[in-house]
Amino acid sequence: MNRLGLAGAYLIAFILKPVMDGILPGHAGNGNLILCLTTVLIFLFDDYVPIITIGTVFAILDDLVYGIYCGPEAISTLVVCLAIIAIKYFFNNENYLNALIVIAVSTWLEYTVEWGIYCATGATYTYGYVIKIILLNVIVNTIVGMIVYAVMYSRIRKKKYEKLYR
């Protein structure tokens, strides 16, 4: 995937953030398109440096525009990227079940790291409170991430077979 298409995909995800916030009432269970896109792209592609760079930049923008503080989502996105790079070679990226597991675990990891950052800066809510919100976010992000995975994987598979028969 070229860098311009990558930036365009992240820009679309950034613009659709308010739409995802309105899917479920309240603040719990909102899909994070930037996280889903970053997780799927790192899981599918081997050239992950531009994905990490652009994903982290858009996570910072997400914090600036939609967040309370600037930085926690960007740091947690970077931690998730590094975790996916560490475990992606143990999973087959052409299997939908493996993608489902990676998306669910990356969502849990992102929100856990964000909670840790908020607690380090003085937030008073416990992890028991956060786990209620994380469970809804895992479900919504897994559904959205699997849709993104299906679209991206079909594009990759088509290009892979075109290269084989040239």
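Because the structure is predicted, anything quoted here is derived from the model rather than measured.

J.: Can you help me understand the packing of aromatic side chains in this one?
T.: In this description, a pair of aromatic rings is defined by centroid distance and the angle of the planes. Following the criterion strictly, the structure yields nine aromatic pairs and no others. Aromatic side chains Y10 and F58 sit 5.9 Å apart centroid to centroid with 15° between the ring planes, which places their arrangement in the stacked category. Note that Y10 is positioned in helix α1 (residues 3–15) and F58 in helix α4 (residues 49–66), a separation of 48 residues in sequence. Taken as a pair, Y10 and F58 share a single burial class, namely buried.

J.: What's the story with helix α6 (residues 96–120) in this structure? I'm lost.
T.: In an α-helix there are 3.6 residues to a turn, and that puts residues three or four apart on one side. Given a rise of 1.5 Å per residue, 25 residues ought to cover 36 Å, and the 36 Å separating the end C-alpha atoms of α6 matches this to within 8%. One side-chain oxygen at the N-terminal end of α6 lies 3.1 Å from the backbone nitrogen of L97; it belongs to N95. Looking one or two residues beyond α6, the residue adopting positive phi is G122, at roughly 115°.

J.: Is there a simple way to think about the nonpolar core in this case?
T.: By size, the foremost hydrophobic cluster in this structure holds 37 residues, and its most contacted members are Y10, L41 and Y149. For this core, the secondary-structure elements that each account for two or more residues are α1, α3 (33–44), α4, α5 (72–87), α6 and α7 (127–164).

J.: Whenever I open this one, the pattern of salt bridges confuses me. Can you help?
T.: Where charged atoms from two side chains of opposite charge come close, those side chains can pair. Within the structure shown, the criterion is met by two salt bridges. A salt bridge links D62 to K17; the nearest nitrogen and oxygen atoms lie 3.8 Å apart. Taken together, the residues D62 in helix α4 and K17 in helix α2 (residues 17–21) connect sequence positions 45 residues apart. Across the pair, K17 and D62 agree in class, each one buried. K88 is the salt-bridge partner of D46, the closest N and O atoms lying 3.4 Å from each other. With D46 in the loop between α3 and α4 and K88 in the loop between α5 and α6, this pair connects stretches of sequence that are 42 residues apart. On the basis of relative accessibility, which here comes to 57%, the residue D46 falls in the exposed class. Here K88 falls in the buried class, since its relative accessible area comes to 5%.

Scoring rules and cut-offs
- Residues numbered from 1 in each chain as written.
- Predicted model: local features only at pLDDT ≥ 70, side-chain atom pairs only at ≥ 80, totals over all residues.
- Heavy atoms only, no water.
- Phe/Tyr/Trp six-rings, centres within 6.5 Å; stacked < 30°, edge-to-face > 60°.
- Helix = DSSP H or I, 4+ residues; strand = E, 2+ residues; numbered from the N terminus.
- Buried < 20%, exposed > 50% of the residue type's maximum accessible area, 1.4 Å probe, protein only.
- Expected span 1.5 Å × (residues − 1).
- Polar contact = N/O pair within 3.5 Å; in protein donor to acceptor, adjacent residues only side chain to side chain.
- Core = buried A, V, L, I, M, F, W, Y, C linked by side-chain atoms within 4.5 Å.
- Salt bridge = Lys/Arg side-chain N within 4 Å of Asp/Glu carboxyl O.

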